[in-house]
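Descriptive structure summary
Spelled out, the chains give:
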Amino acid sequence: MGLTSSLTNAVSGLRVNQDSLDILSRNIANSGTPGYHRQSLNIVDYNSQDSSYARSIGTRRAFNSSLQAYYTRQVADTANSGIQAAYLDRLQGFMGKPGTAGSIDTMFGNLQNAMQGIATSPDDYNSRAQAVAAAQSMVETLNRLSTTIQGMRQETEGQIASNVHNLNGMLNSLSEVNNRMLDLGMTDTSRAALLDQRDRLVSSVAEMIDVRADYRADGTVALMTRSGVGLIDNGVSTFKFESAGNLSPNSVFDPDPAETKVGKMTLTTPSGLTIDLVTQGVLQGGELGGLVTLRDKTLVEAQEQLDEIAASLAMAFSTNKTAGVAATDGVADGLDVDISNLAPGNDVLLTYAENGVEKRVRVVNTSQAQDYVDASGQRVIGVDFSAGATAVAAALDAKLPNLDVSSTGANNLRILDDGALGKTDVRTAVARSSSTGLQGAGLGLNLFVDQGNSAFTDNLDTDPPQKQGFAARISINPAIVADNRLLVQYEVGGTLGDADRADYVIDQLNKMQFVSGGNPAANTGRFQLSGNLSELISQVVGFQGSTINAAITKSDDRQLTLDTIVDQMESDYGVNVDEEMARLMELQNAYAANARVVSVVKELLDALLAAM
């Protein structure tokens, strides 16, 4: 090898060394920078017959597209479960743990004990006052929890609006990065910095909404949701959120855009197509997906369960029962049922045997055409009682072909078995009506009332149904607050020593059965309550506790998975300072060796020139 070749080789080595030192110093300087990807130098050796030298041909940035795609998906899933767990953890704090002061089961237990105190000493003013106070505490707890839930739903709307604003900004920034990546005159350093910025933006977008990223050879990226809706490619899609204002228990999502009472979130593509993200089920992850689930499902279900408790509480106190009277017609036996006092929402409970198998039917006074089997196995039939007993009998006779249902008067139903055939046997028929007054209207009393001191009858024909949002409206009848003797005196001038009303209410609280949710087919995925009031409350407390714990566990599991991926990315992408320092020593030694070659060549050339 000649002196010129040696000099060329050494000088090229010095240049490569300098480029390597520049990248090494950049790696070390950014070792703690989030989203920075380790860089290295691409070096090519050139060999010819007369010489050989090294040359750098650009920077290589650590990147694994498969790992990055897995990370992006996990970021969206973790953000989705994390936001839900955060809200539900707060809800658990508001509801309290079972048996703790202020929890709904504790409030109900206090009310039961207070009613038992009245049954023991109905003439004791303090016992009655304690019952009124316990009822007020129960009402305040239901009102407070309803207000809390609606406040949390309102928060989700505010956070959705903020996230949509931020998301639009991120997508526009990502579009700018894509445009800059197409600049062929960009330096390697600038290009690597832009790629880091690109990946940080994709990660931030994934926190908001589930995305799939398509990384292209020119450094640009295209984004779409998992459901296939494009976010950024040949243009940028724009998100929009229209708030519904203040939310109440009646503010619920409806697939019909004209009927929905919550905020609408839409996406407009570069071509001008507008998509309703919630109605069309586009959101499958990210914070936005979690917030929508909370607003439209999780918190709504919590409110519905409170409404069930409030409705059951009101009905347990106010329901009067009128048993059917034995009736016969030839060889057919059955019962006559008085339906004169049945308000909309009130019902008749019928039990009969068919071929030895017991059948249970609940006939509800409603204009809605209903016929289904509820979660307890009881058949529910909706009939409009305002049409008169004859029309009610005809409707039931068609629904129950093995029984003979007829009307024997303006407000009387006669339900008979099949007589000589002996296949059916009518066992019980009970009309359940809501008390219309505090005295002279039966043992039931409307201690718990709706807005305007109106009676709660579970009317299904109002819009919305009376039960919806009742936990936020329930209150104590002011007449009983003013005169607690009404808890005992169910007849005008009755004695204060009579415990019949208290005993009746206690029996109702223990034995009256409730089933939530209506038609199970229309409430797929919803937890349906069934049992007496105490069991309903226990089921609600247990369900909310298990839901919250499941959400927190799911969030923790996803966070653990994300941490594992991040560790892998740190291993693949991150800067190991110890390795970089060892590399620095190698570069220093190589630099010194090349510099020594240059120095020796210079000395030889000087000696050669001096000898000429």
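Rules behind the numbers
Residues numbered from 1 in each chain as written. Predicted model: local features only at pLDDT ≥ 70, side-chain atom pairs only at ≥ 80, totals over all residues. Heavy atoms only, no water. Helix = DSSP H or I, 4+ residues; strand = E, 2+ residues; numbered from the N terminus. Rg over C-alpha atoms; globule rule 2.2 N^0.38 Å. Buried < 20%, exposed > 50% of the residue type's maximum accessible area, 1.4 Å probe, protein only. Contact = heavy atoms within 4.5 Å. Areas by Shrake-Rupley, 256 points an atom, 1.4 Å probe, with all protein chains shown as cover. Lys, Arg positive; Asp, Glu negative; His and termini not counted. Charge placed at Lys NZ, Arg CZ, Asp CG, Glu CD. Axes fitted to C-alpha atoms, helices over the stretch in contact; angles between N-to-C directions. Parallel < 35°, antiparallel > 145°, perpendicular 65-115°, else oblique. Left-handed = near helix turned anticlockwise from the far one by under 90°. Nonpolar A, V, L, I, M, F, W, Y, C, P; charged D, E, K, R; others polar. Pairing = 2+ DSSP bridges. Salt bridge = Lys/Arg side-chain N within 4 Å of Asp/Glu carboxyl O. 1 Å grid on protein atoms, 1.4 Å probe; cavity = no way out; pocket = protein on both sides within 12 Å on 5 of 7 lines; lining within 4 Å. Points joined across faces, edges and corners; volume = space filled by probe spheres on them. Core = buried A, V, L, I, M, F, W, Y, C linked by side-chain atoms within 4.5 Å. Phe/Tyr/Trp six-rings, centres within 6.5 Å; stacked < 30°, edge-to-face > 60°.

As for the overall build of the chain
- Helix and strand counts for the chain stand at 12 helices and 23 strands.
- Against the globule reference of 25 Å for 612 residues, the chain gives a C-alpha radius of gyration of 38 Å, more extended than a compact globule.
- Taken along the three principal axes of its C-alpha coordinates, the chain extends 145 × 55 × 45 Å.
- Burial analysis of the chain (612 residues in total) assigns 47% to the buried set.
- The long-range share in the chain, meaning contacts at least 24 apart out of those at least 6 apart in sequence, stands at 65%.
- Just so you have it, the chain exposes about 28,100 Å², and 50% of that area is on carbon and sulfur atoms.
- Distance from the positive charge centre (45 side chains) to the negative charge centre (71 side chains) of the chain: 5 Å.

A closer look at the packing of helix α3 (residues 104-120) against helix α11 (residues 533-573)
- Taken N-terminus to C-terminus, the directions of α3 and α11 make an angle of 165 degrees; their axes are 9 Å apart at the nearest point. When the axes of α3 and α11 are compared, the pair comes out roughly antiparallel. The crossing of α3 and α11 is left-handed. Within the contact between the two elements, α3 uses I104, D105 and F108 and α11 uses L533, S534, I537 and V541.
- In the contact of α3 with α11, the residues fall into 5 nonpolar, 1 polar and 1 charged.

A short note on the pairing of strand β14 (residues 357-365)
- Relative to β14, strand β13 (residues 347-354) runs antiparallel, the two being bridged by 8 bridges. Within the sheet, the bridge partner assigned to Y352 lies in β14 and is K359.
- Here β13 folds back onto β14, and the loop between the two strands holds 2 residues, one of which, N355, carries a positive phi near 55 degrees.
- Two elements, β14 and strand β16 (residues 379-383), share 5 bridges in a ladder whose sense is parallel. Bridged to R362 within β16 is V380.

A closer look at the side chain of D77
- Counting through the fold element by element, D77 comes out in helix α2 (residues 65-95).
- The class for D77 is buried, based on a relative accessible area of 12%.
- In contact with D77, not counting residues within four places along its chain, are R226 and R558.

Section: the sheet that holds strand β4 (residues 221-224)
- Read from one edge to the other, the open sheet built from 4 strands follows the order β3-β4-β5-β6, with strand pairing classed as antiparallel. Each edge of the sheet is formed by a strand with only one pairing partner; in this case those strands are β3 (212-215) and β6 (235-236).
- Where strand β5 (residues 230-233) and β6 come together, 2 bridges link them in antiparallel fashion. Looking at the pairing, I232 lines up with V236 of β6.
- Across the face of the sheet, helix α4 (residues 125-181) comes into contact with β4, β5 and β6 while running at roughly 30 degrees to β5.

Remarks on the pattern of salt bridges
- Enumeration over the complete set of coordinates arrives at 20 salt bridges.
- For E242, the salt bridge goes to K240, with nearest N and O atoms at 3.6 Å.
- When the shortest N-O distance is used, the salt bridge between E304 and R526 registers 2.5 Å. You can see E304 sitting in helix α6 (residues 286-318) and its partner R526 sitting in the loop between β22 (514-515) and β23 (530-531), a full 222 residues away along the chain.

Here we look at unusual backbone geometry
- Of note, the amide linkage connecting D463 to P464 takes the cis form, showing an omega dihedral of 0 degrees.
- Residue position: P464 is located in the loop between β20 (448-449) and α8 (470-473).
- Here N453, not a glycine, exhibits a phi torsion of approximately 60 degrees, which is positive.
- Looking at the element boundaries, N453 is found in the loop between β20 and α8.
- Its relative accessible area of 38% is what places N453 among the partly exposed residues.
- Located in the positive-phi region is D458, a residue other than glycine, with phi close to 65 degrees.
- Residue placement: D458 occurs in the loop between β20 and α8.
- Relative accessible area serves as the criterion here: at 8%, D458 is assigned to the buried category.

Let's talk about the environment of A482
- By secondary structure assignment, the location of A482 is in helix α9 (residues 478-482).
- Once the C-alpha coordinates of A482 and A398 are considered, the two residues, 84 residues apart in sequence, prove to be 49 Å apart.

Considerations on empty space enclosed by the protein
- Inspection of the entire model under this criterion finds 2 cavities of 30 Å³ or more.
- Approximately 60 Å³ is the volume found for the largest cavity.
- Forming the walls of the largest cavity are F253, D254, P257, T260, V262, G263, K264, M265, D276, V278, T279 and R295.
- When its residues are assigned to classes, the lining of the largest cavity shows 5 nonpolar, 3 polar and 4 charged.
- Estimates place the volume of the second largest cavity at around 40 Å³.
- What lines the second largest cavity is simply V348, L350, V363, L396, L400, V405, L413 and I415.
- Of all elements in the fold, only β13 and β18 (412-416) reach the threshold of two or more residues within the lining of the second largest cavity.
- When grouped by side-chain class, the residues that make up the lining of the second largest cavity number 8 nonpolar, no polar and no charged.

Looking at the nonpolar core
- Counting residues in hydrophobic clusters, the biggest one holds 106 residues, and the most contacted among them are M265, L313, F317 and F448.
- Broken down by element, the residue count for this core peaks at 18 residues, all from α4.
- Setting aside anything within four residues of it in sequence, one finds M265 in contact with I160, V164, K240, F241, I275, D276, L277, V278, L283, L288 and V292.

Things to note about the environment of A398
- In this fold, A398 is placed in helix α7 (residues 389-399).
- A398 sits 73 residues away from V325 along the chain, and the two C-alpha atoms are 23 Å apart.

Considering the packing of α2 against α11
- For the pair α2 and α11, the least separation of the axes is 7 Å and the interaxial angle reads 150 degrees. Accordingly, the angle class assigned to the pair α2 and α11 is roughly antiparallel. Along this stretch, α2 crosses α11, giving a crossing that reads as left-handed.
- Considered class by class, the residues forming the contact of α2 with α11 number 16 nonpolar, 14 polar and 5 charged.

Here we look at the packing of aromatic side chains
- Inspection of the entire model under this criterion finds 3 aromatic pairs.
- Seen in terms of ring centroids, F317 and F448 are 5.2 Å apart; in terms of plane orientation they differ by 80 degrees. Their pairing is edge-to-face. Here F448 lies in strand β20 and F317 lies in helix α6, a separation of 131 residues in the sequence. In terms of burial, F317 and F448 fall into one category: buried.
- With centroids separated by 4.2 Å and ring planes inclined at 20 degrees, the aromatic side chains of F456 and F470 adopt a geometry described as stacked. Within this pair, whereas F456 is found in the loop between β20 and α8, its partner F470 is found in helix α8, the two being separated by 14 residues in sequence. You'll find F456 and F470 in the same group, each marked buried.

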